[in-house]
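# Fold and geometry: a report
Each chain, written out:
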Amino acid sequence: MSLPVPGAAVARWIRRELSAYPPRARSLVVTVWGDTLAPHGGSVWLSTLIGLLAPFGVNERLVRTSVFRLTRDGWLEAHAVGRRARYRLTTDGARRFSQAYRRVYTPPYGPWDGTWEMALVPAAVATTAERARLREDLRWSGYAAVAPGVYARPSRSSAGGGAGVIGWPAGVLRFSARDLPDANGATLARRVDEAWQLPALAIEYRGFLARFRALAAAFDHVRAPSAQQAFVVRTLLVHEYRRVRLRDPQLPPELLPPDWPGASAYALCRDVYRAAEPLARSHLAAALHEDGDALLPALPEFLTRFEPA
């Protein structure tokens, strides 16, 4: 009996994945830009982007609408050359992409010294809109509300990892704290599951593992998938992993349950990504060449993606 052709198996997996979990056009454009285009200059002809998204079932109209909205929202800027349009990241868009994707590719945190970073936000501080923006900044940076107006996260100086920049309004009290050894169980560490909603996040990580585990060995066979298949796989992999990982507060291992699936999801994503990347890069280079562009050298940070923990 002959062995299944990897390309055919991957093609079937791609069809099932796109049928069961069709990506939204704008979100997919964000993934392709952040994962593929931003490391290589962040600039592309609209026609090239339309071609790159075609294998995902995203038509030209949806690509144009998504790019228009991203431009309107300050992520992209357009440059017309005759009847053609070229798009690149704005300065602010590049900063936001870099900040988000740094969280996607960095390893889980290492050891933690038990210190908490605390923020006390009095009700009278700032306007309603400023408080809403602060809550979003705090959530993005790994803080959780542990009491009304009181936010906490494990110290990042010891746990490692990057965080978003928080615009602290005047009047917010910030300090460090540690759980008392005689607190009789009423500690911040005991409130981790509830405050950071870890059970729901664990379900999402396990769903990711179930969907992508079958691909782990697909690129080890002598007859590898095609370059386009590798590009689609890498994009769908990062698209789904990004969705889960950006909601992960990325707590140190001392605060996570022993069966926490986040580390396994990271390892799987890393292994499949590394296996698919060379072929996916060649597909990008071919798409750029078809529109008269060359693949620019990758930014240094691209070379450090998914470094071992």
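Going by the structure above, here's the rest.
The numbers attached to residues start from 1 for each chain and follow its sequence in the written order. It should be noted that, the model being predicted, local features are given only for residues of pLDDT at least 70 and side-chain atom pairs only at 80 or more, the latter also being counted only at that level, while totals for whole chains, interfaces and linings use all residues. Excluding hydrogens and water, the side-chain figures rest on all heavy atoms present in the structure.

Within the chain, the secondary structure is distributed over 11 helices and 7 strands. The C-alpha atoms of the chain give 22 Å as radius of gyration, which agrees with the globular expectation for 309 residues (19 Å, within 12%). Projecting the C-alpha coordinates of the chain onto the three principal axes gives extents of approximately 65 × 55 × 35 Å. Expressed as a percentage of its 309 residues, the buried residues of the chain come to 48%. Should any heavy atoms of two residues lie within 4.5 Å, those residues are considered in contact. Here the analysis covers contacts within the chain between residues at least 6 apart in sequence; of these, 80% occur between residues at least 24 apart. For the chain, the computed accessible surface area is about 15,600 Å², with 57% contributed by carbon and sulfur atoms. As used throughout, the charge tally considers Lys and Arg to be positive and Asp and Glu to be negative, leaving His and the chain termini uncounted. Think of each charge as sitting on NZ of Lys, CZ of Arg, CG of Asp or CD of Glu. Between the mean site of the 40 positive side-chain charges and the mean site of the 28 negative ones, the chain shows a separation of 5 Å. Where helices and strands are cited, they refer to DSSP runs of H or I of at least four residues and of E of at least two residues respectively, numbered from the N terminus. Taken over C-alpha atoms, the radius of gyration is set against a globule rule of 2.2 Å times the number of residues to the power 0.38. Burial status follows relative accessibility: with a 1.4 Å probe on protein chains alone, a residue under 20% of its type maximum counts as buried, one over 50% as exposed, and anything between as partly exposed. Accessible areas in this description were obtained via Shrake-Rupley with a 1.4 Å probe; residue shielding takes into account the shown protein chains only.

This part is about the sheet that holds strand 2 (residues 76-81). A strand pair is defined by DSSP finding two or more bridges across the two strands. Spatially, 1-3-2 is the arrangement adopted by the 3 strands of the open sheet, whose pairing is antiparallel. Each having just a single partner strand, strand 1 (43-45) and strand 2 make up the two edges of the open sheet. For this sheet the average axis-to-axis angle between neighbouring strands, irrespective of direction, equals 25°. Strand direction decides the pairing type here: strand 1 and strand 3 (residues 84-89), joined by 3 bridges, are antiparallel. Within strand 3, the position partnered with Val44 by the bridge is Tyr87. Lines fitted to the C-alpha atoms define the axes, with helices restricted to the stretch that makes contact. Angles between their N-to-C directions range from 0 to 180 degrees. On the sheet, helix 2 (residues 25-37) packs against strand 1, strand 2 and strand 3 and is oriented at approximately 70° with respect to strand 3.

A separate point is a nonpolar patch on the surface. Nonpolar side chains (Val, Leu, Ile, Met, Phe, Trp, Tyr) within 5 Å and like charges within 9 Å form the patches, drawn only from residues with over 30% relative accessible area and no salt bridge. Only one rule defines a salt bridge in this text: a Lys or Arg side-chain nitrogen within 4 Å of an Asp or Glu carboxyl oxygen. A grouping of Leu120, Leu173 and Phe175 is seen on the molecular surface, where their side chains present a nonpolar patch of about 240 Å² in accessible area. Of note, Leu120 is situated in strand 4 (residues 115-120). Residue Leu120 is classed as partly exposed on the basis of its relative accessible area, which comes to 32%.

Attention shifts here to the nonpolar core. Trp33, Leu49, Leu53 and Trp116 are the most contacted members of the largest nonpolar core, which has 81 residues in total. Considering each element in turn, this core owes the most residues, 11 residues, to helix 11 (residues 262-290). In terms of nonpolar packing, the next biggest core, distinct from the first, is built from 9 residues, Val125, Leu134, Leu138 and Tyr151 among them. The nonpolar core is taken to be a set of buried Ala, Val, Leu, Ile, Met, Phe, Trp, Tyr and Cys residues, with the residues joined through side-chain atoms within 4.5 Å.

Between the first and last residue of a helix there are one fewer steps than residues, each counted as 1.5 Å, and that sum is the expected span. Compared with an ideal rise of 1.5 Å per residue, which puts 13 residues at 18 Å, helix 6 (residues 128-140) spans 19 Å between its outermost C-alpha atoms and is within 8% of the ideal. Considered for burial, the residues of helix 6 that qualify are Leu134, Leu138 and Trp140. Projected down its long axis, helix 6 shows its buried positions confined to an angular sector of 160°, all on one face. Helix 6 presents Thr128 and Ala129 as exposed residues on the side facing more than 90 degrees away from its buried surface. At the exit of helix 6 stands Gly142, carrying a positive phi of roughly 95°. What the arc measures is the spread of directions leading from the helix axis to the C-beta atoms.

The subject of this paragraph is unusual backbone geometry. Of note, the phi angle at Gln197 is positive, near 50°, even though the residue is not glycine. Structurally, the position occupied by Gln197 is in the loop between helix 8 (192-196) and helix 9 (198-212). Its identity is not glycine, yet Gln250 carries a phi of approximately 55°, on the positive side. Structurally, the position occupied by Gln250 is in the loop between helix 10 (227-245) and helix 11.

Further remarks concern the pattern of salt bridges. Here the structure, examined in full by the defined rule, presents 20 salt bridges. For Asp73, the salt bridge identified is with Arg26, shortest N-O distance 2.9 Å. On the criterion of sequence distance, the pair formed by Asp73 in the loop between helix 4 (60-72) and strand 2 and Arg26 in helix 2 is long-range, its members being 47 residues apart. Take Arg26: its relative accessible area is 27%, and that puts it in the partly exposed class. When salt bridges with common partners are traced through the structure, they connect Glu17, Glu204, Arg211, Glu240, Arg243 and Arg247 into a single cluster.

Another aspect to go through is the sheet that holds strand 5 (residues 144-147). Strand-to-strand pairing in sheets goes through backbone hydrogen bonds, with the strands running parallel or antiparallel. Taken together, the 4 strands give an open sheet; going across it, the order is 5-6-4-7, and neighbouring strands pair in antiparallel fashion. This sheet does not close on itself; its edge strands, each paired only once, are strand 5 and strand 7 (173-178). Along the sheet, successive strands turn relative to each other by an average axial angle of 35°, direction set aside. In this sheet, strand 6 (residues 150-154) lies alongside strand 5 in antiparallel orientation, the contact comprising 3 bridges. Bridged to Ala144 within strand 6 is Ala152.

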